Amino acid sequence: MSLLNPRFFGICAKSCNGTDEARKTRSNKMDKTDKAEVALTSDDAAPHHSFATVYYDGSCPLCSVEIEHYASCEGAERLRFVDVSKPNVRIDEDLTRQEAMDRFTVRRPDGELVSGARAFTELWGTLPKWRWLARVASLPGITPLLELAYRCFLPLRPMLSRIASWVGAKSANETGSST
C-alpha cells in the first residue's frame, strides 16, 4: 500500500475503472489468478514474457483494496496478481513468502525482483493512467524519498488495515494473517 495512492485522494479512481464490461473482464482475470494460487517460476518470468507478477498480502484489507483497484485499471491484463497470504501458494526460490508478505514486491518481466518504492514504480509504469506517477518517481531523488515514505508506512500498516476493515474493506484472503 502506497502513502501516495491517488485513489484515496479521488484522483484516477474513476478513469482506471473503464467500462463495466472491461472492469468485469479484469475482475474475472484477477479472480482466476487468485484461484490458481501459483506464482510464476523463474522460467515463466523469462524476458520473452511481457507481464510482471505482483505479490501482495491478501490478508491485509488495505492491501487488498489497493490491489483490487490496480486490477481494475486498463493495462492490468499485463500483470499477474499473486496473493502470498494463501498457505499453498508457490513462490520462486529467490523470494520467500514472508518477504513478500512484509514488503510489496513485483517480479519484472525480465525476472528481476523489485520491492517497496521500486515495485510501485514498476506497477504504475504498466498501467496507462498511472504512468504519470511512474515518471515522477523516476525523477532524480524521488524514488529514495518514496522508499523512505514506504518504510515509514510499514510499521503503521497493521493499524491502518484494522481501520480499513472497520470502514468496510475486506481482505482478499480471510484465512491469512496481516503483518
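Above: the structure in question.
Residues numbered from 1 in each chain as written. Predicted model: local features only at pLDDT ≥ 70, side-chain atom pairs only at ≥ 80, totals over all residues. Heavy atoms only, no water.

Examining the overall build of the protein chain
And step 1. In terms of regular secondary structure, the protein chain is built from eight helices and four strands.
And step 2. When its helices and strands are written in sequence order, the protein chain yields α-α-β-α-β-α-β-β-α-α-α-α.
And step 3. Each of the 179 residues in the protein chain was classed as buried or not, and the buried ones make up 45%.
And step 4. The long-range fraction of contacts in the protein chain, counting pairs at least 24 apart against all pairs at least 6 apart in sequence, stands at 72%.
And step 5. A total accessible area of about 9,300 Å² is found for the protein chain, and carbon and sulfur atoms account for 57% of it. (Helix = DSSP H or I, 4+ residues; strand = E, 2+ residues; numbered from the N terminus. Buried < 20%, exposed > 50% of the residue type's maximum accessible area, 1.4 Å probe, protein only. Contact = heavy atoms within 4.5 Å. Areas by Shrake-Rupley, 256 points an atom, 1.4 Å probe, with all protein chains shown as cover.)

Here's the deal with the pairing of strand E2 (residues 79–83)
And step 1. The buried count for E2 comes to five of five residues, which makes it a mostly enclosed element.
And step 2. Neither face of E2 is exposed, since Leu79, Phe81 and Asp83 on one face and Arg80 and Val82 on the opposite face are all buried.
And step 3. Here strand E1 (residues 52–56) pairs with E2 via five bridges, running parallel. Bridging across to E2, Tyr56 finds its partner in Asp83.
And step 4. Note that the unit made of E1, helix H3 (residues 61–72) and E2 has a crossover that is right-handed. (Pairing = 2+ DSSP bridges. Right-handed = clockwise from strand over helix to strand, strands pointing away.)

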